[in-house]
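# Summary of the model geometry
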There are 2 protein chains.
Amino acid sequence: MKHVRFSDVLLEDVNVDGAKNAKIRWLISNKDGAERFSMRMFEVAPEGNTPYHIHDFEHEIFVLDGQGMLVTENGESPMKPWDVIYVDPNLMHQFKNTGDKPLIFLCSIPNEVKKVPKRNPFGGGKVNNC
Amino acid sequence: MKHVRFSDVLLEDVNVDGAKNAKIRWLISNKDGAERFSMRMFEVAPEGNTPYHIHDFEHEIFVLDGQGMLVTENGESPMKPWDVIYVDPNLMHQFKNTGDKPLIFLCSIPNEVKKVPKRNPFGGGKVNNC
């Protein structure tokens, strides 16, 4: 069992090409014994964003604070606190902060993932699932 | 893809023996295409609680509002907004509202679960995974 404050969990940079001023806390992961899926918290600073990218696993998202924009290949959709978002596998997506304070949201993912080939063969860098 | 307000999702009674004044919204589930795990929101009214029970799947919890108490076979632990809780499979647990407004928390579970035999052979009723 684990019971902590969110702020007790390490805040790390999102090291993905295309990410800007985005940080992540792995709130619950396989390090805690959670074998099947992980809960992460993203903090995207004003003018920051996650990369516009694609992968073959889903996102289950709950917005906690701030204002943002969800961008997918289907269009744009404003994000506000207590919004619920499900992003299907294999859908291009991005989260942008459009406000003046951090955009904070939970984003859970399955632990077992298969990476899809990048659409841009010249793309590189580490992937950490945002 | 799905992008909704939490309040757009049906609020249902928790129909489990031992639950009191507890409601649930299935924010993201296999009805949305989420095959591997589901995100639910619980709303427990003042003086309400989920049942003290056990099952062989995990909970990944994020507290959103209100004040409560997590009760497990290992003891009690106060719940407050932005607390993070991981409940291991096969651990007795319960969530109680100890405040004067609703205790609201997210609780994600895997979709594929195996129910463990109830410890009380005289127990009955429907199970809906709180």
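Before reading further, recall that the structure is shown in the block above.
Residues numbered from 1 in each chain as written. Chains lettered and ligands numbered in written order. Predicted model: local features only at pLDDT ≥ 70, side-chain atom pairs only at ≥ 80, totals over all residues. Heavy atoms only, no water.

### Regarding the overall build of chain A
For clarity, the cut-off: Each helix is a run of H or I in the DSSP string that is no shorter than four residues. Each strand is a run of E no shorter than two, and both are numbered from the N terminus. Each residue is assigned to one of three classes by its accessible area relative to the maximum for its type, calculated with a 1.4 Å probe on protein chains only: buried under 20%, partly exposed between the two thresholds, exposed over 50%. Pairs of residues are marked as contacts when any of their non-hydrogen atoms sit within 4.5 Å. Note on areas: these come from Shrake-Rupley sampling with a 1.4 Å probe, and a residue is covered only by the protein chains present in the view.
If you tally the helices and strands in chain A, you get 0 helices and 10 strands. Tracing chain A from N to C terminus, the helices and strands come up as β-β-β-β-β-β-β-β-β-β. A total of 130 residues make up chain A; the buried ones form 52% of that total. Excluding contacts between residues fewer than 6 apart, the proportion of contacts in chain A whose partners are at least 24 apart in sequence is 65%. By element, 48% of the accessible surface of chain A is carried by carbon and sulfur atoms, the whole surface being about 6,100 Å².

### A short note on the interface of chain B and chain A
Put simply, the rule is: Buried area: the sum, over both parts, of the accessible surface (1.4 Å probe) that disappears when the two are put together. Here a salt bridge means any side-chain nitrogen of Lys or Arg lying within 4 Å of a carboxyl oxygen belonging to Asp or Glu. All amino acids are sorted into three groups, where Ala, Val, Leu, Ile, Met, Phe, Trp, Tyr, Cys and Pro are nonpolar, Asp, Glu, Lys and Arg are charged, and the leftover types, Gly among them, are polar. In short, DSSP must find at least two bridges between two strands for them to pair.
Counting residues at the interface gives 45 residues for chain B and 45 residues for chain A. For the chain B and chain A pair, buried surface summed over both sides reaches about 3,900 Å², with 62% attributable to carbon and sulfur atoms. The interface formed by chain B and chain A includes 4 salt bridges. For Arg36(B), the salt bridge is made with Glu58(A), and the minimal N-O distance between the two is 2.9 Å. Mapped by element, the contributors of at least two residues to the side of chain B that touches chain A are β1 (2–5), β3 (20–28), β4 (37–49), β5 (59–65), β6 (68–72), β7 (75–79), β8 (83–87) and β10 (103–110) of chain B. Grouping the constituent residues of the side of chain B that touches chain A by class yields 27 nonpolar, 6 polar and 12 charged. Summarising the sheet, strand β8 (residues 83–87) of chain A and β1(B) pair through 4 bridges and their orientation is antiparallel. Directly across from Tyr86(A), in β1(B), lies its bridge partner Lys2(B).

### Here we look at the side chain of Thr72(B)
Using the following cut-off: In protein, a polar contact means a hydrogen-donor-capable atom and an acceptor-capable atom, both N or O and within 3.5 Å, with residues adjacent in sequence counting only if both atoms are side-chain atoms; elsewhere, any N or O pair within 3.5 Å suffices.
Within the fold, Thr72(B) resides in strand β6. You can call Thr72(B) buried: its relative accessible area is 6%. One polar contact links the side chain of Thr72(B) to the main-chain amide nitrogen of Asn74(B), over a distance of 2.9 Å. With residues near it in sequence (within four places) discarded, Thr72(B) still touches Met1(A), Tyr52(B), Leu91(B), Met92(B) and His93(B).

### A look at the relation of the copies chain B and chain A
Quick reminder of the rule: We place the copies in one frame by least squares, fitting the C-alpha atoms of every residue whose pLDDT is at least 70 in both.
Superposition of chain B onto chain A requires a rotation of 180° combined with a translation of 0.0 Å along the rotation axis, giving an RMSD of 0.0 Å. Between the two chains, the operation in question is that of a two-fold axis. Among all residues of chain B, the one whose C-alpha sits closest to the rotation axis is Phe37(B), at a distance of 3.8 Å. When the interface residues of chain B are mapped onto chain A, 100% of them are again interface residues, pointing to one common binding face.

### Some words on the packing of aromatic side chains
Our working definition: What counts as a ring pair is set by centres within 6.5 Å for rings of Phe, Tyr and Trp (its six-membered ring), and what kind of pair is set by the plane angle: stacked under 30 degrees, edge-to-face over 60, tilted for all other angles. For a ring to carry a charge above it, either NZ of a lysine or CZ of an arginine must fall within 6 Å of the ring centroid while also lying within 35 degrees of the normal to the ring plane.
Scanning the entire structure with this criterion turns up 9 aromatic pairs over all chains. Between Phe6(A) and Trp82(B) the ring centres are 4.9 Å apart and the planes differ by 70°, which places this aromatic pair in the edge-to-face class. With Phe6(A) in the loop between β1 (2–5) and β2 (12–13) and Trp82(B) in the loop between β7 and β8, this residue pair bridges two chains. An identical accessibility class is assigned to Phe6(A) and Trp82(B); each is buried. Ring pairs connect the aromatic residues Phe6(A), Phe62(B) and Trp82(B), which therefore count as one cluster. The ring of Trp26(A) has Arg40(A) sitting right over it, with the charged end atom 5.0 Å from the ring centre.

### A look at the pairing of β6(B)
Note on strand geometry: in a regular strand, side chains alternate between the two faces of the sheet. All names here are of chain B. With 5 of 5 residues buried, β6 lies mostly within the body of the structure. The pairing of β6 with β7 spans 5 bridges and is antiparallel. Each bridged residue has a counterpart across the sheet, and for Met69 the counterpart in β7 is Pro78. Counting the residues between successive antiparallel strands, the hairpin from β6 to β7 contains 2 residues. Note that β6 and strand β9 (residues 93–97) share 5 bridges and pair antiparallel. By the bridge assignment, Leu70 is partnered in β9 with Phe95.

What is shown is where atoms sit, not what they do.
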